[in-house]
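One-letter residues, chain by chain:
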Amino acid sequence: MAASRTKRRHKARRRADMSLLGGIRPPIAVLSALLLCLAALTAFQLGRAGEDPVPEAVRTSQQYFAEDGAIALRASLDESITDLSRTAAMFNAGEPVSADTVLDKLGSVYQKWRGTAVIEIKSGRLEAQRGENLPLTAVDRTKLDAKDGLSPRMVRLEHGGTRLLTLAVLSWPGRPQQLLIASSSLKFPGVSLGDDRAIAVVDSSGQVLSSDGLPDPGRGASDKARADAQRAEKELAAFAGTAAHKARQHPLKSKEPGSGGFPGVSGSLLGDAHKTERPVAGYAALTGPVPGEGTESTALGLTVVSVVEVPENQTAALDSFFWIAAAGALLLIGALAVALLIGTVQRPLLQLFLESRRLSRGDLARPVTQPKYGEASRIGAVLERLRRQLLGEPAPAQELPETRRGRRGRIGMRALVAVCGVLLLVWSAPLVLLLNRAGDSISVPKSIVRDQRERTDTLADRVRRALNEGHADLTSVASMLDDRTTPAAMSETLEQTRNQHARYRSIYVLGADGTIVAKSGSEPRHPRGKGPSAEPVALLGEGGREPLIVEYADAPGLKGAAVVGELRIGYLNALLKRPGLGQIRVVDEKHRVIGANNGYLAFEALPSGKIDALVTKVNQKASGKDGKDGGHDTDDSRPSGRVIRSGGVSIAAAAPFDGGGAAGPLRWTVVSWQPAKGLAIPAYDAQNRTVLAGLLGLTAATACLGWLHIIVVRPLRELAQRAEALADGDRRTVLYPRHHDEVGAVTRSLEVIRQQLHEQRKRDVGGSVGRSGSSTPVGRT
């Protein structure tokens with residue numbers, strides 16, 4: 001029996017210890033730990049996040065700029081390689097012509113190569129040459145039939161320059177094969193650099209092959225100018241070596257998972273500070289338009305590096321005193337809230353746990369120590385009544401006056417927990433709603449506005465050049481057609497051209513009377529019965545679901561006829577998909593949208609009067625009607641950018657078509673805009689970090705106080721009602737604990753007391769019956 005009692009005692013003790021693992025202590029302890037962590041995070045991490053010498057938005061913008069250069073260079077090289085191969089194939093399909101005729105026609109259609117030449121492959125004899133002298137000895141004629149024998153190759157000239165040689169074979173039956181060679185420099189087509197940016201092409205070893213934008217002190221320059229030029233060259237060389245090394249890694253490992261955007265390797269680099277400025281570089285390796293699929297130009301292992309000097313962030317976005325003060329306030333308010341929970345919720349409940357266990361064990365000598373507030377006070381009063389009932393005092397004589405019962409229940413634990421929540425809300429709510437708000441007067445770094453401006457101008461030039469390239473392709477096809485070309489041969493040539501260039505939805509030969517002589521692709525949408533337009537590029541399809549861009553190339557061998565190409569609108573829209581520029585639109589001379597990087601309605605108006613006014617101002621400047629630029633954050637007379645501060649801060653830029661070619665006469669404009677709040681600039685970083693700190697505080701308070709309410713407060717309120725019913729005489733309702741915690745332990749003790757009272761009542765009733773039976777006569781005879 002003694003061993004059994006000891007075993008039960010140890011089991012009860014283990015159960016009591018298990019109750020303390022849950023209950024009221026964990027949520028208060030977790031809340032304390034979370035508030036301490038949040039205070040440390042606020043003071044030491046969030047306060048330092050704005051101390052970068054260069055804002056993240058500026059570094060990301062340089063990365064985007066290098067990606068634009070890489071895309072433009074890759075597209076230009078691939079276009080040159082395709083044009084030379086296709087031109088050679090067209091000559092091979094026709095009658096034999098002289099080498100001079102080949103170069104003359106090639107030069108009349110394309111003006112992209114620095115030099116062209118034709119040599120006889122077997123003998124190496126130079127047949128014809130145009131432009132600069134080519135390094136013909138760099139071509140091994142004996143290996144042209146190998147797998148990569150006709151692949152483009154880079155050669156170094158005597159003066160240190162680099163040329164890209166593109167090769168194609170001219171072959172006619174009965175004549176020796178000839179090699180068509182074209183050389184081009186590794187220059188960026190139409191990349192707008194501005195006044196203080198340098199851009200370079202780097203090979204896989206980190207050597208600079210070509211560069212633009214580096215300062216040139218010239219003769220008679222000062223020592224300072226020469227020193228600055230030397231420093232810029234050293235910085236570019238250092239960035240080039242680092243960029244070439246980083247470009248060797250796998251594209252999927254070079255970026256954050258899910259970042260998307262540029263399919264190749266790209267990033268940004270930060271140089272050493274010089275006075276109040278610091279050089280920032282962006283780099284991007286040449287990569288194909290489809291991830292994982294390279295082109296002939298990407299096999300060259302080239303990387304684009306752009307360098308610009310920007311002012312250092314002197315203000316550090318926000319004084320660190322704010323974050324230290326916020327952390328100190330959180331410690332003070334958190335300590336007050338935790339002390340309130342411990343003093344008014346935890347300690348009274350633990351006191352009830354000890355008092356209830358004492359009564360259940362039969363220790364009735366001392367009165368119950370009663371808490372002062374809430375449900376704990378009500379349960380404490382019940383325990384005192386039950387103690388007196390266990391001593392034999394009747395229940396009706398122990399009822400509390402109504403005024404006292406009301407005073408004890410007036411302030412409950414739910415109200416005390418709510419007060420703690422309000423205290424924590426006092427710290428969190430201002431951070432989420434009021435403090436560090438970035439209003440319309442925030443300062444946007446000038447380098448970001450310049451980058452928006454220059455990238456928009458680069459994009460406008462890219463679209464213009466794409467239209468010019470398309471017209472040159474059609475002109476090349478038209479030069480091969482004459483009266484002797486059958487419609488079947490025309491259709492075959494058109495089909496080859498359309499397969500080589502994905503920009504066309506339909507290519508056809510349009511007669512002077514508007515009849516379709518030959519076609520390839522979709523059904524032509526050109527107005528029936530109408531001859532070729534005198535304009536090389538025309539915009540049709542007004543009133544339809546999508547704009548129709550049509551290019552016309554006169555065919556000299558066909559009287560009045562022209563080769564017509566209808567461009568896919570998706571091709572134009574794909575050119576505009578560049579990250580970091582926000583919303584991009586191509587508008588015509590009436591400011592109607594004809595292309596965009598996302599959803600739009602054909603020929604719709606621009607969404608904002610401010611943006612429309614910017615397009616008007618830019619076109620006035622381009623035409624020379626207005627040299628002023630009031631309110632613009634730029635001093636450039638071509639592209640223009642500004643910060644718009646109505647309806648939120650946004651950055652906008654517009655650039656008209658500026659250049660020659662078939663698309664030169666078009667008065668189209670590329671306009672882009674994006675909200676400044678989406679950029680990682682100091683003002684918005686400070687606002688986002690402030691909101692984050694407030695949200696973390698709200699989350700911690702909601703989670704822990706909600707946990708406390710569900711686990712402790714609500715069960716305690718129910719227990720108070722059931723305990724008062726027990727003290728009022730309800731001996732039949734069994735008290736079941738919900739959880740193995742302090743409230744459950746008090747519930748179990750009350751259940752033990754209920755059973756004791758029930759047994760006591762049985763004994764009292766049995767004793768009364770026995771006493772009444774002994775005084776009754778035994779019976780009569």
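Residue indices begin from 1 for each chain and proceed along its sequence in written order. Since the coordinates come from a predicted model, pLDDT governs what is reported: local features require at least 70, and pairs of side-chain atoms require 80 or more to be given and counted, while whole-chain, interface and lining totals use all residues. As a rule here, side-chain values cover all heavy atoms of the structure and leave hydrogens and water aside.

Colleague: What is the right way to look at the overall build of the chain in this model?
Modeller: Think of it this way: any DSSP run of H or I at least four residues long counts as a helix, any run of E at least two long counts as a strand, and we number them from the N terminus. Counting its regular elements, the chain contains 15 helices and 20 strands. When the accessible surface of the chain is totalled, it reaches about 37,600 Å², and 53% of it is carbon and sulfur. A 1.4 Å probe and the Shrake-Rupley method give the accessible areas. Residues count as covered only by the protein chains that appear here.

Colleague: Quick question: what am I supposed to make of unusual backbone geometry here?
Modeller: What you tend to see is this: most non-glycine residues have negative phi, and most peptide bonds are trans. Even without glycine at this site, His591 takes up a positive phi of about 65°. Inspection of the secondary structure assignment puts His591 in the loop between β16 (583–587) and β17 (593–596). Look at Phe603: it is not a glycine, yet its phi comes out positive at around 65°. Note on placement: Phe603 falls in the loop between β17 and α13 (609–622).

Colleague: Mind showing me how you'd approach the layout of surface pockets here?
Modeller: Any empty space left between atoms is shown by rolling a water-sized probe over those atoms. Put simply, the grid is 1 Å and covers the protein atoms alone, a cavity is a trapped set of points that fit a 1.4 Å probe, a pocket is an open set with protein on both sides within 12 Å along at least five of seven lines, and lining residues have an atom within 4 Å of a point. Grid points are joined across faces, edges and corners, and a volume is the space filled by probe spheres set on the points. Taken as a whole, the second largest pocket encloses approximately 610 Å³ of empty space. Looking at the second largest pocket, it is lined by 20 residues, and the ones nearest its centre are Ala93, Gly94, Glu95, Met480 and Thr485. Broken down by secondary-structure element, the contributors of at least two residues to the lining of the second largest pocket are α3 (56–93) and α11 (487–500).

Colleague: How do you make sense of the pairing of strand β8 (residues 266–270) when you look at a structure like this?
Modeller: Taken residue by residue, a regular strand's side chains alternate between the two faces of the sheet. Summarising the sheet, β8 and strand β9 (residues 277–285) pair through five bridges and their orientation is antiparallel. Of the residues in β9, the one forming a bridge with Ser268 is Gly282. From the end of β8 to the start of β9, which pair antiparallel, there are six residues, and Lys275 there has a positive phi angle of about 60°. Note on pairing: two strands pair once DSSP finds at least 2 bridges between them.

Colleague: I tried to follow a nonpolar patch on the surface on my own but got confused; where do I start?
Modeller: Judged by side-chain polarity, Val30, Leu34 and Trp707 come together as a nonpolar surface patch covering roughly 230 Å² of accessible area. Within the fold, Val30 resides in helix α2 (residues 25–44). A patch consists of residues whose relative accessible area exceeds 30% and which take part in no salt bridge; residues with like charges are grouped when within 9 Å of each other, and nonpolar side chains (Val, Leu, Ile, Met, Phe, Trp, Tyr) when within 5 Å. Salt bridge, as used here: a side-chain nitrogen of Lys or Arg that lies within 4 Å of a carboxyl oxygen of Asp or Glu.

Colleague: So what exactly am I meant to see when it comes to empty space enclosed by the protein here?
Modeller: Inspection of the entire model under this criterion finds four cavities of 30 Å³ or more. Residue lining of the largest cavity: Asp68, Ile71, Ala72, Arg455, Thr458, Leu459, Arg462, Arg578 and Leu581, and that is the complete set. In terms of residue count, the dominant contributor to the lining of the largest cavity is helix α10 (residues 446–478) (four residues). Class assignment of the residues belonging to the lining of the largest cavity gives a composition of four nonpolar, one polar and four charged. Here the second largest cavity defines a volume of roughly 50 Å³. What lines the second largest cavity is Thr87, Phe91, Lys105, Leu106, Val109, Tyr110, Ser476, Ser479 and Met480. For the lining of the second largest cavity, the secondary structure elements donating two or more residues are α3 and α4 (99–109). Its residues assigned to classes, the lining of the second largest cavity comprises five nonpolar, three polar and one charged. Each residue gets one of three labels, nonpolar for Ala, Val, Leu, Ile, Met, Phe, Trp, Tyr, Cys and Pro, charged for Asp, Glu, Lys and Arg, and polar for the others, Gly among them.

Colleague: Please explain the environment of Gly647 as it appears in this structure.
Modeller: By secondary structure assignment, the location of Gly647 is in the loop between β18 (640–644) and β19 (650–656). Sequence separation between Gly647 and Pro675 is 28 residues, and the spatial gap between their C-alpha atoms is 10.0 Å.

Colleague: Looking at this structure, I do not really get the nonpolar core. What am I missing?
Modeller: For soluble globular proteins, nonpolar side chains are generally found buried alongside one another. Residues belong to a common nonpolar core when they are buried Ala, Val, Leu, Ile, Met, Phe, Trp, Tyr or Cys residues joined through side-chain atoms within 4.5 Å. Exposed residues in this analysis have more than 50% of their type's maximum accessible area, buried residues have under 20%, and partly exposed residues fall in between, with area computed by a 1.4 Å probe over protein chains only. With 56 residues, the main nonpolar core has Leu341, Ile379, Leu383, Leu386, Trp427, Leu750 and Ile753 as its most contacted residues. A total of 14 residues in this core trace back to one element, the largest contributor, which is helix α14 (residues 682–727). Setting aside residues up to four positions removed in sequence, Ile753 forms contacts with Ser356, Leu359, Ser360, Leu383, Leu386 and Leu390. Counting residues in each nonpolar core, the second largest holds 42 residues, with Leu481, Leu494, Ile584 and Phe657 among its members. Should any heavy atoms of two residues lie within 4.5 Å, those residues are counted as being in contact.

Colleague: When you look at the packing of helix α9 (residues 413–433) against α14 in this model, what are you seeing that I'm missing?
Modeller: How two helices sit against one another is set out by the angle between their axes and by the gap between those axes. For the pair α9 and α14, interaxial distance at closest approach is 8 Å and the crossing angle is 175°. When the axes of α9 and α14 are compared, the pair comes out roughly antiparallel. Residue composition of the contact of α9 with α14, by class: 17 nonpolar, six polar and two charged. Structural elements are reduced to axes, namely lines fitted to C-alpha atoms, with helices fitted over the stretch in contact, and the angle between N-to-C directions of any two is expressed from 0 to 180 degrees. For classification purposes, angles smaller than 35 degrees are called roughly parallel, those larger than 145 roughly antiparallel, those between 65 and 115 roughly perpendicular, and all remaining angles oblique.

Colleague: So what exactly am I meant to see when it comes to the side chain of Glu384 here?
Modeller: By secondary structure assignment, the location of Glu384 is in helix α7 (residues 374–390). What makes Glu384 buried here is its relative accessible area of 11%. Under the rule applied, a polar contact is a pair of N or O atoms within 3.5 Å (in protein, one hydrogen donor and one hydrogen acceptor; residues adjacent in sequence only if both atoms are side-chain atoms). Within the local environment of Glu384, its side chain forms a polar contact with the side chain of Arg387, the two groups lying 2.9 Å apart. Filtering out sequence-adjacent residues up to four positions away, Glu384 remains in contact with Pro367, Val368 and Gln370.

Colleague: What exactly am I supposed to notice about the environment of Cys420 here?
Modeller: Turning to its location among the elements, Cys420 is positioned in helix α9. Look past the residues within four positions of Cys420 in its chain and what remains in contact with it is Ala337, Leu340, Leu341 and Leu705.

Colleague: It is not clear to me how the sheet that holds strand β4 (residues 162–170) should be interpreted in this structure. Could you clarify?
Modeller: Pairing between sheet strands relies on hydrogen bonds along the backbone, with the strands arranged either parallel or antiparallel. Strand order in this open sheet of five strands is β2-β1-β5-β4-β3, and the pairing throughout is antiparallel. With one partner strand each, in any of the chains shown, β2 (126–131) and β3 (153–156) form the two edges of the open sheet. Direction aside, the axes of adjacent strands within the sheet are offset by 25° on average. Pairing analysis gives eight bridges linking β4 to strand β5 (residues 178–185), with the strands arranged antiparallel. Each bridged residue has a counterpart across the sheet, and for Arg163 the counterpart in β5 is Ser185. Each of β4 and β5 touches α3; the most contacted strand, β4, lies at about 25° to it. This element, α4, spans β1 (115–120), β2, β4 and β5 of the sheet and lies at about 20° to β2.

Colleague: Could you clarify how one ought to interpret α9 in this entry?
Modeller: Helical periodicity: at 3.6 residues per turn, an α-helix aligns residues three or four positions apart in one direction. To estimate how far a helix should reach, multiply one less than its number of residues by 1.5 Å. Between its first and last C-alpha, α9 extends 29 Å over 21 residues, near the 30 Å set by a 1.5 Å rise per residue. The bend at a residue is defined as the angle formed between two axes, one fitted to the seven residues ending at that residue and one fitted to the seven starting there. The sharpest bend along α9 comes to roughly 35°, located at Leu425. Those residues of α9 that fall on the buried side of the exposure criterion are Met413, Leu416, Val417, Cys420, Leu424, Trp427, Ser428, Leu431 and Val432. Against the buried residues of α9 lie α2, α6 (320–360), α7 and α14.

Colleague: What am I meant to see in the packing of aromatic side chains here?
Modeller: Given two aromatic rings, one states the distance between the centres and the angle between the planes to describe the pair. Between rings of Phe, Tyr and Trp, where Trp is taken as its six-membered ring, a pair exists when centres lie within 6.5 Å; planes separated by under 30 degrees are stacked, by over 60 edge-to-face, and by other angles tilted. Scanning all chains against the criterion turns up two aromatic pairs. Centre to centre, the rings of Phe322 and Trp323 are 5.2 Å apart; their planes meet at 85°, and the pair counts as edge-to-face. Consider the rings of Phe657 and Trp668, whose centres lie 5.9 Å apart with planes at 55°: the pair is tilted. Linking Phe657 in the loop between β19 and β20 (669–675) with Trp668 in the loop between β19 and β20, this pair joins segments that are eleven residues apart in sequence. Geometry around Trp113 places Lys112 over its ring, the cationic atom sitting 5.6 Å from the centre. Geometry around Phe65 places Arg197 over its ring, the cationic atom sitting 3.8 Å from the centre. Working rule: Lys NZ or Arg CZ, within 6 Å of ring centre, within 35 degrees of ring normal, means a charge sits over the ring.

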